[in-house]
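Coordinate inspection notes
Residues per chain, in single letters:
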Amino acid sequence: MLDPKLLRGNLDSVVERLSIKKFNLDSDAFIQLEEKRKSLQVSTQNLQNERNSRSRAIGAAKAQGEDIQPLLDQVANLGEDLKKAESELADLQAELDQMLLGIPNIPHETVPAGDSEEENQEVLRWGEPPEFEFEPLDHIELGQNLGAMDFERAAKLSGSRFVTMSGSLVTLHRALIQFMINQHILEHGYTEVYVPYLVNESSLTGTGQLPKFKQDLFRIDSENHNLYLIPTAEVPVTNLVADSITEAADLPLKYVAHTPCFRSEAGSYGRDTRGMIRQHQFEKVELVQMVEPENSMQALEQLTGHAETILQLLGLAYRKVILCGGDLGFSSTKTYDLEVWLPGQKAYREISSCSNMTDFQARRMKARWRNPQNGKPELLHTLNGSGLAIGRTLIAIMENYQQADGSIKIPDPLHPYMNGITEIRA
RNA sequence: GGAGAGCUGGCUGAGCGGCCGAAAGCGGCGGUCUUGAAAACCGUUGACCCGAAAGGGUCCGGGGGUUCGAAUCCCUCGCUCUCCGCCA
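Please read these numbers as outputs of a predicted model, since none were measured by experiment.

**Some remarks on the protein's contact with RNA strand B**
- RNA strand B sits among 22 residues. The nearest are Arg8, Lys38, Gln41, Arg51 and Ser55.
- Atoms of RNA strand B within 4 Å of the protein: sugar and phosphate make up 73%, bases the balance.
- Arg51 is positioned with one of its side-chain polar atoms (N or O) 2.7 Å from a phosphate oxygen of RNA strand B.
- Within the side chain of Arg370, an N or O atom sits 3.4 Å from a sugar or linking oxygen of RNA strand B.
- At the level of elements, helix H1 (4–9), helix H3 (27–63), strand S14 (367–371) and strand S15 (376–379) are the ones that each hand at least two residues to the surface near RNA strand B.
- Broken down by element, the residue count for the surface near RNA strand B peaks at twelve residues, all from H3.
- Its residues placed into classes, the surface near RNA strand B shows five nonpolar, seven polar and ten charged.

Right, dumping it as structure tokens:
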């Protein structure tokens, strides 16, 4: 959520900066609601003031043993007027809040203009896409040839966009998780956390998935529960600091979590329908940081670097892009995507997305820290990034480390987690 | 699943329907003392909204009700804890 004060004071510039994100803020509607709110709030508060002072007078009179009946008669209609004003104000406030909750974060000044991912700005390329002396296969063929990956069986169990795997390929999948988490704990200073995979509406509102992106989520709607499957660990991990005040000495908080992620992919019919690129269920190792506001842009660079390190250690060629305004997520002020080279597609594909949410999520979830400068609670800045998406990393390893006979070589850093296996073959 | 207890400020915890935004302690901040620190002592210290300010308003788990007036009474939902049962 944006600072309502910012909207009231600098509406025109906010409208302009949001247009970079292709968001059209209806400033007339906002102004109208605001003016109504203001006058209603003033009149309601006047009524409340009157009630308070008259009630005090009655109390005082009663204590003196005076006859309070005349005083009671005077306030006969006050209650009703007040109740009406209060409920009107509450309705209006709710309407205003709904509007506020639907406005995205303001893009950072370094975010390039652009409509779609085509206009994302490349920052760097790392590594060389591997040369093959044979025609490289994609992960689907590789996986099926190894007898280790089966989409049809998964479809039988659950439908499209699911996969079953078996044998050493699954060990590799699990090894990736272990390797990444250990790297982040031991080398990058993160604390590992375990969190629920089912969360309530308020958590999802806190991080910005709700109310706007309900269609992207899986909901558990049973007799006694109204919960959602997490689309990313960002939701439970960031909400760890919801409704709390963190001491400055404890910052930055750096958390790493491995969780499954569940996405309905409602808006992506027909995209990446084959293979493991876009699934309803996938694993991810997620990095989350809570930092002092002035450090957040620097923290974004650092966090993105932590994700990049994983790709580098695995020897996977990638490029780093800054998302343009049109491709930038709802809650983010600036996002770097890391795109790994996939020989099967002869293209760079997203494998990590690292974002600075500034105070946008913190305001929604009331996540604050105590600023020692003035002793006052202020909003934190929150950041998150994949470090990395496991399914897509698995694909990248398969395609980049495939050999002429269809086997797959395991990169060195994963060996400690592979039970002695150095190659996966049929 | 059955029985009971509770939810109050950064934390612990008190709070006859009006004098309660809320005692007290801890913690924090400022000071005295000290070469410095600790201890001790003194002072200070909730969040949010409207307002240039004065000031006003809201907030004692959420929602609703009773009342001139609710942290306090009633209803309801949520959560936490204890005991019993069941159980990975």
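**A word on the pairing of S15**
- In terms of strand pairing, S14 meets S15 through four bridges, oriented antiparallel. The residue of S15 that forms the bridge with Trp369 is Glu378.
- Counted between consecutive antiparallel strands, the loop separating S14 from S15 contains four residues, among which Gly375 sits at a positive phi close to 70 degrees.

**Some details on the sheet that holds S14**
- The sheet built from three strands is open, its strands ordered S8-S14-S15 with mixed pairing. Both outer strands of the open sheet, strand S8 (244–247) and S15, are each paired with one neighbouring strand and no more. The average angle at which neighbouring strand axes cross in this sheet is 40 degrees, direction not considered.

**Section: the packing of aromatic side chains**
- Applying the stated rule across the entire model yields six aromatic pairs.
- With a centroid separation of 5.3 Å and 70 degrees between ring planes, the pair formed by Phe213 and Phe330 is classed as edge-to-face. One end of the pair, Phe213, is in the loop between helix H9 (201–207) and strand S6 (219–221); the other, Phe330, is in the loop between strand S11 (318–322) and strand S12 (334–342), with 117 residues separating them in the sequence.
- Its relative accessible area of 27% is what places Phe213 among the partly exposed residues.
- Given the relative accessible area of 12%, Phe330 is considered buried.

**Comments concerning the pattern of salt bridges**
- Scanning the entire structure with this criterion turns up 21 salt bridges.
- With a shortest N-O distance of 3.3 Å, Arg54 and Glu50 are connected by a salt bridge. Residue Arg54 and its partner Glu50 are located together in helix H3, separated by four residues, close to a single helical turn.
- Between Glu265 and Arg278 there is a salt bridge, with the nearest N and O atoms lying 3.5 Å from each other. Placement of the pair is Glu265 in the loop between strand S9 (253–262) and strand S10 (281–291) and Arg278 in the loop between S9 and S10, with a sequence separation of 13 residues. In this structure, Glu265 and Arg278 share a single accessibility class: buried.
- Overlapping salt bridges bring together Glu122, Arg125, Arg319 and Glu339 as one network.

**A few points about the state of the cysteines**
- Taken as a whole, this structure holds zero disulfides when the rule is applied.
- The thiol of Cys261 is not disulfide-bonded; the next cysteine sulfur, from Cys354, is found 14 Å away.
- Take Cys324: it sits in no disulfide, and the sulfur closest to it among the cysteines is that of Cys354, at 17 Å.
- Classification of Cys324 as buried rests on a relative accessible area of 0%.

**Quick notes on the layout of surface pockets**
- When its volume is computed, the second largest pocket comes out at roughly 160 Å³.
- Lining the second largest pocket, in full, are Leu2, Asp3, Leu6, Arg17, Asn105, Ile106, His108, Thr333, Thr358, Asp359 and Arg363.
- A class-by-class count of the residues in the lining of the second largest pocket yields three nonpolar, four polar and four charged.

**Quick look at the packing of helix H8 (residues 168–186) against helix H11 (residues 296–313)**
- Relative to each other, H8 and H11 sit at 130 degrees, their axes nearing to 11 Å. Relative to H11, H8 is oriented oblique. Relative to H11, the crossing made by H8 is right-handed. Counting all contacts with H8, which are made through Phe179, Met180, Gln183 and His184, the residues of H11 involved are His306, Thr309, Ile310 and Leu313.

**What about the nonpolar core?**
- Grouped together as the largest cluster of nonpolar side chains are 51 residues, with contacts concentrated most on Leu172, Leu176, Ile397 and Leu414.
- Examining the composition of this core, we find that eight residues originate from one element, H8, more than from any other.
- Setting aside residues up to four positions removed in sequence, Ile397 forms contacts with Leu172, Leu176, Leu314, Leu316, Gln402, Ile408, Lys409, Pro411 and Leu414.
- Ranked by size, the runner-up nonpolar core spans 20 residues in total, among them Leu2, Leu33, Leu92 and Ile106.

**Overview of the packing of H8 against helix H13 (residues 390–400)**
- Relative orientation of the contacting elements H8 and H13 amounts to 115 degrees, with a least axis distance of 10 Å. Seen along the crossing, H8 lies across H13 with a hand that is right-handed. Of the residues in H13, those in contact with Leu169, Leu172, His173, Leu176, Ile177 and Met180 of H8 are Ile390, Gly391, Thr393, Leu394, Ile397 and Met398.
- Classifying every residue of the contact of H8 with H13 gives nine nonpolar, three polar and no charged.

Conventions and cut-offs
- Residues numbered from 1 in each chain as written.
- Chains lettered and ligands numbered in written order.
- Predicted model: local features only at pLDDT ≥ 70, side-chain atom pairs only at ≥ 80, totals over all residues.
- Heavy atoms only, no water.
- Near = heavy atom within 4 Å.
- Polar contact = N/O pair within 3.5 Å; in protein donor to acceptor, adjacent residues only side chain to side chain.
- Helix = DSSP H or I, 4+ residues; strand = E, 2+ residues; numbered from the N terminus.
- Nonpolar A, V, L, I, M, F, W, Y, C, P; charged D, E, K, R; others polar.
- Pairing = 2+ DSSP bridges.
- Axes fitted to C-alpha atoms, helices over the stretch in contact; angles between N-to-C directions.
- Phe/Tyr/Trp six-rings, centres within 6.5 Å; stacked < 30°, edge-to-face > 60°.
- Buried < 20%, exposed > 50% of the residue type's maximum accessible area, 1.4 Å probe, protein only.
- Salt bridge = Lys/Arg side-chain N within 4 Å of Asp/Glu carboxyl O.
- Disulfide = S-S within 2.5 Å.
- 1 Å grid on protein atoms, 1.4 Å probe; cavity = no way out; pocket = protein on both sides within 12 Å on 5 of 7 lines; lining within 4 Å.
- Points joined across faces, edges and corners; volume = space filled by probe spheres on them.
- Parallel < 35°, antiparallel > 145°, perpendicular 65-115°, else oblique.
- Left-handed = near helix turned anticlockwise from the far one by under 90°.
- Contact = heavy atoms within 4.5 Å.
- Core = buried A, V, L, I, M, F, W, Y, C linked by side-chain atoms within 4.5 Å.

Interpretation in functional terms is not warranted from these geometric data alone.
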